[in-house]
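For reference, the chains in residue letters:
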Amino acid sequence: MDRNVIELTDEELALLVAALRSYLSDFSHDEADMQRATKRLLAKLPQPEPAS
């Protein structure tokens, strides 16, 4: 499996995590495959550092 690397600032990472969580909350029970894929992606992401 090929891997891709992107560099994100803490602010960009926080935005990405928030967007994926929002995306996840929009799925119904009929879209379980998308829920699983989104949860797997979220699990791979580090937790963003709190804004100072």
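Worth saying up front: this structure is predicted, and the values here are computed from it rather than measured.

Engineer: Can you tell me about the overall build of the protein, naming the residues and giving the values?
Structural biologist: A count of helical and extended segments in the protein gives two helices and zero strands. Since a compact globule built from 52 residues should have a radius of gyration of about 10 Å, the 13 Å found for the protein marks it as more spread out than a globular shape. When its C-alpha atoms are laid out on the principal axes, the protein stretches across 40 × 30 × 10 Å. The buried share of the protein, reckoned over its 52 residues, is 15%. Carbon and sulfur atoms provide 52% of the accessible area of the protein, an area that totals close to 4800 Å². Across the protein, the mean location of the 6 positive side-chain charges is 10 Å away from that of the 10 negative side-chain charges.

Engineer: Hey, could you go over a positive patch on the surface for me, with residue numbers and the actual values?
Structural biologist: Residues Arg3, Arg36, Arg40 and Lys44 make up a contiguous surface patch of positive charge. Following the sequence through the fold, Lys44 ends up in helix H2 (residues 32–44).

Engineer: Which residues make up the nonpolar core, and what values do they have?
Structural biologist: Listed in full, the seven residues of the largest apolar core are Leu13, Val17, Leu20, Leu24, Phe27, Leu42 and Leu45. Element by element, the count of residues in this core is highest for helix H1 (residues 10–25), at four residues. Beyond its immediate chain neighbours, meaning those up to four positions away, Leu45 contacts Leu13, Leu16, Val17 and Leu20.

Engineer: Requested: an account of H1, with residues and values cited.
Structural biologist: The end-to-end C-alpha distance of H1 is 23 Å, a good match for the 22 Å that 16 residues give at a rise of 1.5 Å each. The set of residues buried in H1 consists of Leu13, Val17, Leu20 and Leu24. Down the axis of H1, the sector holding all buried residues measures 65°, keeping them to one side. Of the exposed residues in H1, the ones pointing more than 90 degrees away from its buried face are Glu11, Leu15 and Ser25.

Engineer: Talk me through the packing of H1 against H2; I want residue IDs and the actual numbers.
Structural biologist: Where H1 meets H2, the axes come as close as 10 Å, and the angle between the chain directions of the two elements is 160°. One finds that H1 runs roughly antiparallel with respect to H2. For the element pair H1 and H2, the recorded crossing hand is left-handed. Along the contact surface, H1 presents Val17, Leu20, Arg21, Tyr23 and Leu24, while H2 presents Met34, Gln35, Thr38, Lys39, Leu41 and Leu42.

Analysis parameters
For every chain, the first residue of the written sequence is number 1, and numbering continues from 1 onward in sequence order. Per-residue local features of the predicted model are confined to residues with pLDDT of at least 70, and side-chain atom pairs are confined, for both listing and counting, to 80 or more; whole-chain, interface and lining totals are unaffected and use all residues. With hydrogens and water set aside, each side-chain value is computed from the structure's full complement of heavy atoms. Helix and strand definitions here come from DSSP, where helices need a minimum of 4 consecutive H or I residues and strands a minimum of 2 consecutive E residues; each element is numbered from the N-terminal end. Throughout, the radius of gyration refers to the C-alpha atoms, and the reference size of a globule is 2.2 Å times the residue count to the power 0.38. When accessible area is computed with a 1.4 Å probe and restricted to protein chains, residues below 20% of their type maximum are described as buried, those above 50% as exposed, and intermediate ones as partly exposed. The Shrake-Rupley method, run with a 1.4 Å probe, gives the accessible areas here. Residue values count only the displayed protein chains as cover. Just so you know, the count uses Lys and Arg for positive and Asp and Glu for negative, and it drops His and the chain ends. Just so you know, the charge point we use is NZ for Lys, CZ for Arg, CG for Asp and CD for Glu. By definition, no residue in a patch forms a salt bridge, and every one has over 30% relative accessible area; like charges are joined within 9 Å, nonpolar side chains (Val, Leu, Ile, Met, Phe, Trp, Tyr) within 5 Å. The salt bridge criterion pairs a side-chain nitrogen of Lys or Arg with a carboxyl oxygen of Asp or Glu, the two atoms within 4 Å. Note on terminology: a nonpolar core comprises buried Ala, Val, Leu, Ile, Met, Phe, Trp, Tyr and Cys residues joined through side-chain atoms within 4.5 Å. Between two residues, a contact is recorded if the distance between any of their heavy atoms is within 4.5 Å. To estimate how far a helix should reach, multiply one less than its number of residues by 1.5 Å. By construction, the arc corresponds to the directions joining the helix axis to the C-beta atoms. Fitted lines through C-alpha atoms serve as axes, helices being fitted only where they are in contact, and the angles separating the N-to-C directions of these axes extend from 0 to 180 degrees. In these notes the angle categories are as follows: under 35 degrees is roughly parallel, over 145 is roughly antiparallel, 65 to 115 is roughly perpendicular, and the rest is oblique. Note on convention: the crossing is left-handed when the near helix lies turned anticlockwise from the far helix by less than a right angle, right-handed when the turn is clockwise.

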